[in-house]
Amino acid sequence: MTAAATPQAPGPVRPAGDAPGPARTAWGRWWFGPVPRARIAWLRVIGYVFLPFDMLLLTSSSLAHARLPADLYQPVLLGRLLHLPAPTPWAMYALLTVTVAAGLVAATGRVLPRASGYLAACGYLWWVTISMSYGKVDHDHLALVVALFVLPSVGRAGIGDTRRCEASAWSVRCVQLGVVAAYFLSAWAKVRIGGFPAWPNGSTVQWALSRRGTPFGRGLIDYPVMLKASQWIMFLAEALSPALLFLRGRPLYALVLFFAGFHAVTYALMTIHFLPHAIWLAAFLPLERLTPLLPERLRGGTRAAAPAAAPAEPAA
Amino acid sequence: MHPPALRLGPRARLWRSLAGAAVVGALFYTSAYGSNDDFPLGPMTQFAFSVKGDGGTISSYWLEADTAAGTHVALSFDAVGTGMKRAEIEGQMPRIRRNPALLQGIADGQRRLHPDRPRLTRIYVVQEIKTLKRGKVVSTMRQNRVVWDVK
């Protein structure tokens, strides 16, 4: 988020020839261990296609809120700092249009990738801040907001761009951090607010199922021991989620699958999907491997990959 | 073999490192000392509260209304129905209780969102309280917390 507040344009990406040597410190390797630019292109497609879906269906309350009188508007701190006015229907329609359009431009990764991306990021942050300013704050948007602010920093990237680069690595890491932070800090909040072991031993899942359980979920209401076990599993999984940041290969993919399964089950039981968060589990996967599965003409890769070979030759 | 990776210059690396560390730091700080007001930062409070399995209660609020057509309806739980979600009604409950006139805004919003439906004449904020014993619901109680005659 603060990434966008940095007005300075990201440094130009230089070929290896004239750059300082590869990152030697653990810190450098962890943040900047090169990642193919194609992964950024895929993450952009996921994020920017999701954006209209989110704005029209999930946080569409911004539009409904705009029809309420201003005295029900209780802006959160960010809204007060930026002096965001109470929404009006036309302002919200304009914001929706600009944000979605900027996102679709940014999704191509070709035309003004930074300007369009940061515009979509700011537009969406405004939108979601309005959505959270009526007495209820959801926390499933952290990874989405982070992703929108870090993905533009890479600049141009196509899904066929196999060049590995450090700028992409940083962006992917930030998205991953957003995902893990949402899990880990949820466990932290449970300790701070609900208490430990009061939270896992309590009846919060019972509370959620009673209030908004699906027929399937309500079927579990009479099994308190199972509900308690599920709370322990949830709490431990959230507390141990930072492992996602350090595992590699199959163990990592297995853990990603576990969390995806957790979201699927939560949806089946109480129609809470956490999609704005869950889609970013994709940031842990080697998405660039999807490109060869596409028909040749959709890859757009040859064009992007060709310049990669050029600087490599003098360096060799 | 892979082509050599594209590297970042020291300044590009520096602002990225600092931005990353700053956001992570801010997330930890707000998780430790902050409140929901700090959105989009922490604390991640959704479902973080604890409900006692023995003697704990599950409370929920929703809106019901009398209409000009003489019917009594439950208003939809989502923002598209009334302009306010159930959790938002709950989040603003202390304000609504102090100042029931806020419900007038909901009637007005409803009229703008659904001009085709019969006008609301009286709005009720209904609370349901379920009591738990050994993790199971043993009793349910319902009452009107706030009633507002629409003007």
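Quantities reported herein were computed from a predicted structural model and do not represent experimental measurements.

Looking now at the overall build of chain B. Check the secondary structure of chain B and you find 5 helices and 4 strands. Across chain B, helices and strands are ordered from the amino to the carboxyl terminus as α-β-β-α-α-α-α-β-β. A compact globule built from 151 residues would reach a C-alpha radius of gyration of about 15 Å, whereas chain B, at 24 Å, exceeds it by more than 25%. With respect to the principal axes defined by its C-alpha atoms, chain B has extents near 75 × 45 × 40 Å. Residue pairs at least 24 apart in sequence account for 55% of intrachain contacts in chain B once pairs closer than 6 positions are excluded.

So, on to the overall build of chain A. Scanning chain A from N- to C-terminus turns up 17 helices and 2 strands. In chain A, which comprises 316 residues, the share counted as buried stands at 47%. Relative to all contacts within chain A whose residues are 6 or more apart in sequence, the contacts with residues 24 or more apart total 81%.

Across the contact, 63 residues belong to chain B and 77 residues belong to chain A. Contributing elements (two or more residues each) for the side of chain B that touches chain A: α1 (10-33), β1 (57-67), α2 (79-82), α3 (86-91), α5 (102-113), β3 (120-133) and β4 (136-149) of chain B. Of the residues assigned to the side of chain B that touches chain A, the class counts are 30 nonpolar, 19 polar and 14 charged.

Residues and elements named next belong to chain A. For chain A, the mean per-residue pLDDT works out to 86, and 88% of the residues sit at or above 70. Mean pLDDT values over the elements of chain A span from 40, in helix α17 (residues 301-315), up to 96, in helix α8 (residues 142-150). Every residue in residues 15-19 is under pLDDT 50, and counting partners more than four places away or in other chains gives 14 contacts.

This part is about the pairing of β3(B). All names here are of chain B. Across 11 bridges, β1 lies against β3 in antiparallel orientation. Bridge pairing in β3 links Leu63 to Val125. Here β3 pairs with β4 via 12 bridges, running antiparallel. Across the sheet, the residue bridging to Val126 is Asn144, located in β4. Counted along the chain from β3 to the antiparallel partner β4, the turn is 2 residues long, and its residue Arg134 has a positive phi close to 45 degrees.

Attention now moves to helix α6 (residues 89-108) of chain A. All names here are of chain A. The terminal C-alpha atoms of α6, which comprises 20 residues, lie 29 Å apart, in line with the 28 Å expected from a rise of 1.5 Å per residue. When we look at burial in α6, the residues that qualify are Met92, Leu95, Leu96, Thr99, Val100, Ala102, Gly103, Ala106 and Ala107. Taken around the axis of α6, the buried residues stretch over an arc of 165 degrees, which confines them to a single face. Turned more than 90 degrees away from the buried face of α6 sit Trp90, Tyr93, Ala94 and Thr97, all of them exposed.

Further remarks concern the packing of helix α3 (residues 37-58) of chain A against helix α9 (residues 166-193) of chain A. Residues and elements named next belong to chain A. Two numbers describe how α3 lies on α9: the axes approach to 9 Å, and their chain directions differ by 45 degrees. Put simply, α3 runs oblique to α9. As for how α3 packs across α9, the hand of that crossing is left-handed. Between α3, through Arg37, Arg39, Ile40 and Leu43, and α9, the contact on the second element is made entirely by Ser168, Ser171, Val172 and Val175. For the contact of α3 with α9, a count of residues per class yields 4 nonpolar, 2 polar and 2 charged.

With that settled, consider α5(B). Residues and elements named next belong to chain B. For α5, spanning 12 residues, the distance from its first C-alpha to its last is 17 Å, which sits close to the expected 16 Å at 1.5 Å a residue. Those residues of α5 that sit buried are Leu103, Ile106, Ala107, Gly109 and Gln110. One side of α5 carries all its buried residues, which in axial view fall inside an arc of 160 degrees.

Right, let's talk about the nonpolar core for a bit. The biggest cluster of nonpolar side chains holds 92 residues, and the ones touching the most others in it are A:Ala143, A:Val146, A:Ala147, A:Leu148 and A:Val175. In terms of residue count, the dominant contributor to this core is α9(A) (16 residues). A:Leu148 has contacts with A:Gly47, A:Ala120, A:Ala121 and A:Tyr124, leaving out every residue within four places of it along the chain. B:Leu103, B:Leu120, B:Ile123 and B:Val125 belong to the second largest nonpolar core, which has 16 residues in total.

What follows is about the confidence of the model for chain B. Residue and element names in this part refer to chain B. Summarising the model, chain B shows a mean pLDDT of 86, and 94% of its residues fall at 70 or more. Element-level pLDDT for chain B is lowest in α2, with a mean of 56, against a maximum mean of 94 in α1. Scored as a whole, the predicted complex attains pTM 0.84, and scored at its interfaces, ipTM 0.83.

Let us now look at the sheet that holds β1(B). As a general point, the strands of a sheet are linked pairwise by backbone hydrogen bonds and lie either parallel or antiparallel. All names here are of chain B. Spatially, 4 strands are ordered β2-β1-β3-β4 in an open sheet, and the strand pairing comes out antiparallel. Each edge of the open sheet is held by one strand with a lone partner, namely β2 (72-74) and β4. Across the sheet, the mean angle separating the axes of adjacent strands is 25 degrees when strand polarity is ignored. Contacts from α5 reach β1, β3 and β4, with the element oriented near 115 degrees to β3.

Our focus in this paragraph is unusual backbone geometry. Peptide bonds are trans in most cases, and residues, glycine excluded, mostly fall at negative phi. Residue A:Pro197 is reached from A:Phe196 by a cis peptide bond, and omega for that bond is 0 degrees. Tracing the backbone through its elements, the reader meets A:Pro197 in the loop between α9 and α10 (198-201). Here the amide bond leading from B:Phe39 into B:Pro40 is cis, since omega sits at 5 degrees, within 30 degrees of zero. Here B:Pro40 lies in the loop between α1 and β1. In the Ramachandran plot, A:Leu112 falls in the positive-phi region, its phi being about 40 degrees despite a non-glycine side chain. Here A:Leu112 lies in the loop between α6 and α7 (113-131). Classification of A:Leu112 as partly exposed rests on a count of 15 C-beta atoms within 10 Å. Positive phi outside glycine occurs at A:Thr271, with the angle close to 50 degrees. The residue A:Thr271 is located in the loop between α14 (249-270) and α15 (275-278) in this model. In this structure A:Thr271 comes out as exposed when scored by C-beta crowding, with 11 C-beta atoms within 10 Å.

Reading the values: rules and limits
- Along each chain, residues carry numbers from 1 onward, in the same order as the chain's sequence is written.
- For this description, chains carry letters from A and ligands carry numbers from 1, given in the order in which they are written.
- Thresholds applied to this predicted model are a pLDDT of at least 70 for local features of residues and 80 or more for the giving and counting of side-chain atom pairs; totals over whole chains, interfaces and linings are not thresholded and use all residues.
- Only DSSP runs of H or I with at least four residues qualify as helices, and only runs of E with at least two residues qualify as strands; both kinds are numbered from the N terminus onward.
- Only C-alpha atoms enter the radius of gyration; for comparison, a globular chain is expected to reach 2.2 Å times N to the power 0.38, where N is the number of residues.
- Contact between two residues is assigned whenever their backbone-derived C-beta positions fall within 7 Å.
- Three exposure classes are used, based on other C-beta atoms lying within 10 Å of a residue's own C-beta, which is placed from the backbone: buried for 20 or more, exposed for 12 or fewer, and partly exposed in between.
- Ten residue types, Ala, Val, Leu, Ile, Met, Phe, Trp, Tyr, Cys and Pro, are classed as nonpolar, four, Asp, Glu, Lys and Arg, as charged, and the remainder, Gly among them, as polar.
- Think of pLDDT as the predictor's per-residue confidence, scored from 0 to 100.
- Pairing between two strands requires that DSSP report at least two bridges joining them.
- Under the convention used throughout, the expected extent of a helix is 1.5 Å for every residue step, that is, one less than its residue count.
- As used here, the arc is the angular range of directions from the helix axis to the C-beta atoms.
- Helix axes are fitted only over the stretch in contact, all axes being lines through C-alpha atoms; the angle between N-to-C directions runs from 0 to 180 degrees.
- For classification purposes, an angle smaller than 35 degrees is called roughly parallel, one larger than 145 roughly antiparallel, one from 65 to 115 roughly perpendicular, and anything else oblique.
- In a left-handed crossing the near helix is turned counterclockwise from the far helix by less than a right angle, and in a right-handed crossing that turn is clockwise.
- Here, a nonpolar core denotes buried Ala, Val, Leu, Ile, Met, Phe, Trp, Tyr and Cys residues that are linked to one another through C-beta atoms within 7 Å.

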